[in-house]
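# Geometric and topological summary
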Amino acid sequence: MLQLIVSRTGYGKTTFIQNKIKELVQNKKEVVLIIPEQISFESERDILRAVGAKNLQYVNVMSFSRFCSLFFAKYGGRDKPYIDSVGKTAIMQEVLKTLAPSLDLFRKSATTTQFCSLMLSLSQKTKQNVVTPDMLSVTAQTSSGILKQKLTEISLILSEYDK
């Protein structure tokens, strides 16, 4: 179970967390406490004091980056190569070069560095907002005029880039 504890300073979050952890470990439940990097040592020490050395085996205090490392090691995700911004730019440039002849509205722009940067930015923003190229394509079908043309071509570009 994931439980987020949020409140202003001085409202008893630390005490609440320590009491909850103590209750869970007394019932032999495992607890993972994810804390900011800068307070990991202090948090581990405080948890040791709260639950005692005997029950510490049930508590795993870790920073978010440590949690991510363990998660990826166990469930995968790090086995795929990471593509940096240079690689992403090269891929987008190749996509634009390939698609340029089939584009009407963006044919001339497709070969410029600015348009490539714009498409990379748009790709990132659509992913952050869970908007897929297919969704853009469907929206294009219900649109008309220049908007329809833009959405259709952007959908085509982003779809090809995502392959």
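The model shown is predicted, which means the values in this text are computed figures rather than measured ones. (Residues numbered from 1 in each chain as written. Predicted model: local features only at pLDDT ≥ 70, side-chain atom pairs only at ≥ 80, totals over all residues. Heavy atoms only, no water.)

## A closer look at the overall build of the chain
Condition: To qualify as a helix, a DSSP run of H or I must reach at least 4 residues; to qualify as a strand, a run of E must reach at least 2; elements of each kind are numbered from the N terminus. As defined in this context, the radius of gyration uses C-alpha atoms, and a globule is described by 2.2 Å times the residue total to the power 0.38. Only protein chains enter the accessibility calculation, which uses a 1.4 Å probe; a residue is then buried when its area is under 20% of its type maximum, exposed when over 50%, and partly exposed in between. A contact between two residues is defined here by any heavy atoms of the two lying within 4.5 Å. Counted charges follow a simple rule, with Lys and Arg positive, Asp and Glu negative, and His plus the chain ends left uncounted. By convention, the charge on Lys lies at NZ, on Arg at CZ, on Asp at CG and on Glu at CD.
Tallying secondary structure elements over the chain gives seven helices and two strands in all. For the chain, the sequential pattern of α-helices and β-strands runs α-β-α-β-α-α-α-α-α. For 163 residues, the compact-globule estimate of 2.2 N^0.38 gives 15 Å, and the C-alpha radius of gyration of the chain, at 25 Å, exceeds that figure by more than 25%. In terms of overall dimensions, the chain has C-alpha extents of about 70 × 35 × 25 Å along its principal axes. A burial count over the chain gives 26% of its 163 residues as buried. For the chain, restricting intrachain contacts to residue pairs at least 6 apart in sequence, the fraction spanning at least 24 positions comes to 63%. For the chain, the separation between the mean place of its 22 positive charges and that of its 14 negative charges on side chains is 6 Å.

## Points about the confidence of the model for the chain
Threshold: pLDDT runs from 0 to 100 and stands for how confident the predictor is about each residue.
Looking at the chain as a whole, its pLDDT mean stands at 89, while 97% of the residues score no less than 70. Predicted confidence in the chain is weakest over helix 2 (residues 40–51), with a mean pLDDT of 83, and strongest over helix 7 (residues 145–162), with 94.

## Observations concerning the nonpolar core
For clarity, the threshold we go by: In these notes, a set of buried Ala, Val, Leu, Ile, Met, Phe, Trp, Tyr and Cys residues joined through side-chain atoms within 4.5 Å is what counts as a nonpolar core.
Formed by 19 residues in total, the largest nonpolar core has its most connected members in Met-92, Leu-96, Phe-115, Met-119 and Ile-157. Looking at this core, the elements with two or more residues in it are helix 4 (85–99), helix 5 (113–128), helix 6 (133–141) and helix 7. For this core, the leading source of residues is helix 7, giving five residues. Ranked by size, the runner-up nonpolar core spans eleven residues in total, among them Ile-21, Ile-35, Ile-47 and Ala-50.

## Remarks on helix 6
Our working rule: Taking the helix axis as origin, the arc is that swept by the directions to the C-beta atoms.
Regarding helix 6, the residues found buried are Pro-133, Leu-136 and Ala-140. The buried residues of helix 6 all sit within an arc of 55° when viewed along its axis, so they share a single face. Across helix 6 from its buried face, at more than 90 degrees, point the exposed residues Asp-134, Val-138 and Gln-141. Where helix 6 is buried, its residues touch helix 7.

## Thoughts on the environment of Leu-70
Inspection of the secondary structure puts Leu-70 in helix 3 (residues 64–75). A relative accessible area of 35% places Leu-70 in the partly exposed class.

## Remarks on the packing of aromatic side chains
Here is the rule: When the centres of two rings from Phe, Tyr and Trp lie within 6.5 Å, Trp using its six-membered ring, the rings pair. Their planes under 30 degrees apart give stacked, over 60 give edge-to-face, and anything left gives tilted.
Summed over the entire model, instances satisfying the criterion amount to five aromatic pairs. Ring centres of Phe-106 and Phe-115 lie 5.1 Å apart, and the angle between their planes is 40°; on these two criteria the pair is classed as tilted. Through pairs of rings, three or more aromatic residues link up here, namely Phe-64, Phe-67, Phe-71, Phe-72 and Tyr-75.

## Examining the packing of helix 5 against helix 7
To be explicit about the condition: In this analysis an axis means a line fitted to C-alpha atoms, helices contributing only their contacting stretch, and an angle means the value between N-to-C directions, from 0 to 180 degrees. Roughly parallel means an angle under 35 degrees; roughly antiparallel, over 145; roughly perpendicular, 65 to 115; everything else is oblique. Note that Gly is not counted as nonpolar here; it falls among the polar residues with everything else outside the nonpolar set of Ala, Val, Leu, Ile, Met, Phe, Trp, Tyr, Cys and Pro and the charged set of Asp, Glu, Lys and Arg.
The interhelical angle for the contact between helix 5 and helix 7, taken along N-to-C directions, is 80°, at an axis separation of 11 Å. Considered as vectors, helix 5 and helix 7 are oriented roughly perpendicular to each other. Contact with helix 5, carried on its side by Phe-115, Met-119, Leu-120, Leu-122, Ser-123, Thr-126 and Lys-127, involves Ile-154, Ile-157, Leu-158, Tyr-161 and Asp-162 of helix 7 and no other residues of that element. Each residue belonging to the contact of helix 5 with helix 7 can be placed in one class, and the counts come to eight nonpolar, two polar and two charged.

## What to know about the pattern of salt bridges
Rule in force here: Whenever Lys or Arg places a side-chain nitrogen within 4 Å of a carboxyl oxygen from Asp or Glu, that contact is recorded as a salt bridge.
Scanning the entire structure with this criterion turns up six salt bridges. Residues Asp-46 and Arg-45 are paired through a salt bridge, measuring 3.8 Å at the closest nitrogen-oxygen approach. Of the residues examined, Arg-45 reaches a relative accessible area of 32% and is grouped as partly exposed. Between Asp-104 and Arg-107 there is a salt bridge; the shortest N-O distance is 3.4 Å. For Asp-104, a relative accessible area of 56% puts it in the exposed group. Residue class for Arg-107 comes out partly exposed when judged on its relative accessible area of 39%. Bridged by salt links that share partners, the residues Arg-45, Asp-46 and Arg-49 form one connected network.

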